[in-house]
Structures are given as C-alpha cells and as structure tokens.
Amino acid sequence: MSGLLFVVSAASGTGKTSLVKALLDRVSNLHVSVSHTTRNQRPGELDGVHYHFTNKESFLSQVEEGGFIEYAEVFGNYYGTSQAKVKEQLQQGHDVLLEIDWQGAESTSVRPWSQGIAGHAASSGA
C-alpha cells in the first residue's frame, strides 16, 4: 500500500471534526474515509458523502464477513469503516484519515496498519 492510514479518535463532542477540517485545509493528498452507519439520515446529509446509510441487518452482515476495519455501537446506532474502500484508496496512493469514536479505535484490526492521532478530552476536575 502506498498511502498512509491515520486515525483521529475521541469521544463525541470533543472536536474531532474541527481538527479534521483543519488538517484537510493544510495537507494535500489526505482523504477522509466515509463511515457506514445505521442511524437515520439527517436533513442536508448525502448518502455516500457524509455517511453510507444502511440498515442494521446489512451492517451486521458486513461485520460477520469482516468487512469493517473498525466498528462500534454508539447511542444505539452502529458506525463502521469499510476495509475494502480504505484499502482501495491507500493502494491508489492516497493518505486516508479515519474520524472515529473511541469505541471504534479500540478495535484491534485498525492498529496494525495505521498511524494514530489520539484525541483526549480535557478534564475539568482533576
């Protein structure tokens, strides 16, 4: 594979999207992977642009087939990253960025071929 895989991971609401937008503005040849999700499509979202929207049965079938690099259930919905699509982009020489929740990052299948950028929420108490 020619490209590099990078991971930005943190809990929801911690600024992952802002960091990713800043990276995309500054780094050429960097592509953000479009995740699959079982949640309902929101107004203004486009299938294949913001997410690949799918039903739970199809998603879980892909999980059983090993089709995701990582996946997680977050607030009752599933999210995952297609292994085939990411590998295709990497083989074309593109660097690929995964913007994922911390549950997905804990998946062991993402670690062997990625460079991690860990995000941590600041603690207000300790």
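Overview of the structure. (Residues numbered from 1 in each chain as written. Predicted model: local features only at pLDDT ≥ 70, side-chain atom pairs only at ≥ 80, totals over all residues. Heavy atoms only, no water.)

Things to note about the overall build of the protein chain
Inclusion rule: Numbering of helices and strands runs from the N terminus, with a helix taken as a DSSP run of H or I at least four residues long and a strand as a DSSP run of E at least two residues long. For each residue, the accessible area found with a 1.4 Å probe, counting protein chains only, is set against the maximum for its type, and the residue is called buried under 20%, exposed over 50%, and partly exposed in between. Contacts: residue pairs with any heavy atoms within 4.5 Å of one another. We get accessible surface area from the Shrake-Rupley algorithm with a probe of 1.4 Å; when it comes to residues, only the shown protein chains can shield them.
Along its length, the protein chain carries four helices and eight strands. When the helices and strands of the protein chain are read in sequence order from the N terminus, they spell out β-α-β-β-β-α-β-β-α-β-α-β. For the protein chain, the residues scored as buried account for 33% of the 126 residues in total. The long-range share in the protein chain, meaning contacts at least 24 apart out of those at least 6 apart in sequence, stands at 61%. With the model as given, the accessible surface of the protein chain reaches about 7,600 Å², and the carbon-plus-sulfur share is 48%.

A few points about the pairing of strand 6 (residues 77–82)
Convention followed: Should DSSP find at least two bridges between two strands, the strands are regarded as paired.
Bridge count between strand 3 (residues 36–37) and strand 6: two bridges; the pairing is antiparallel. Within strand 6, the position partnered with His36 by the bridge is Gly80. Pairing of strand 5 (residues 68–74) with strand 6 involves six bridges; the strand directions are antiparallel. Within strand 6, the position partnered with Tyr71 by the bridge is Gly80.

Focus on the sheet that holds strand 6
Put simply, the rule reads: Axis lines are fitted through C-alpha atoms, for helices just across the contact stretch, and the angle between N-to-C directions can take any value from 0 to 180 degrees.
With respect to topology, four strands assemble into an open sheet ordered 4-3-6-5, the strand pairing being mixed. The strands lining the two open edges of the sheet, one partner per strand, are strand 4 (52–53) and strand 5. Where helix 3 (residues 83–91) meets the sheet, its contacts fall on strand 4, strand 5 and strand 6, and the angle it forms with strand 6 comes to roughly 30°.

Here we look at the nonpolar core
Heads up, the rule is: Take the buried Ala, Val, Leu, Ile, Met, Phe, Trp, Tyr and Cys residues and link them wherever side-chain atoms come within 4.5 Å; each set so joined is a nonpolar core.
Membership of the largest hydrophobic core is limited to nine residues, which are Leu5, Val7, Ile69, Val86, Leu90, Val96, Leu98, Ile100 and Ala105. Listed by contribution, the elements that provide at least two residues to this core are strand 1 (5–9), helix 3 and strand 7 (95–100). Among the elements that line this core, the one with the most residues is strand 7, at three residues. When neighbours within four sequence positions are excluded, Ile100 is seen to be in contact with Val7, Val8, Ser9, Ala10, Lys16, Glu70, Thr81 and Ala105.

Brief notes about unusual backbone geometry
The backbone of Asn29 shows a phi angle near 65°, a positive value even though the residue is not glycine. Along the chain, Asn29 falls in the loop between helix 1 (16–26) and strand 2 (30–32). The backbone of Phe75 sits at a positive phi, close to 50°, despite the residue not being glycine. Within the secondary structure, Phe75 sits in the loop between strand 5 and strand 6.

A short note on the side chain of Arg39
Rule in force here: Here a polar contact means two N or O atoms within 3.5 Å. Within protein one must be a hydrogen donor candidate and the other an acceptor candidate, and residues neighboring in sequence count only if both atoms are side-chain atoms.
Examined against the element boundaries, Arg39 turns out to sit in the loop between strand 3 and strand 4. Using a relative accessible area of 7% as the deciding quantity, one classes Arg39 as buried. Polar side-chain contacts of Arg39 include one of 2.6 Å to the side chain of Glu45. In contact with Arg39, other than residues within four places in its own chain, are Glu45, Tyr51, Phe53, Asn77 and Tyr79.

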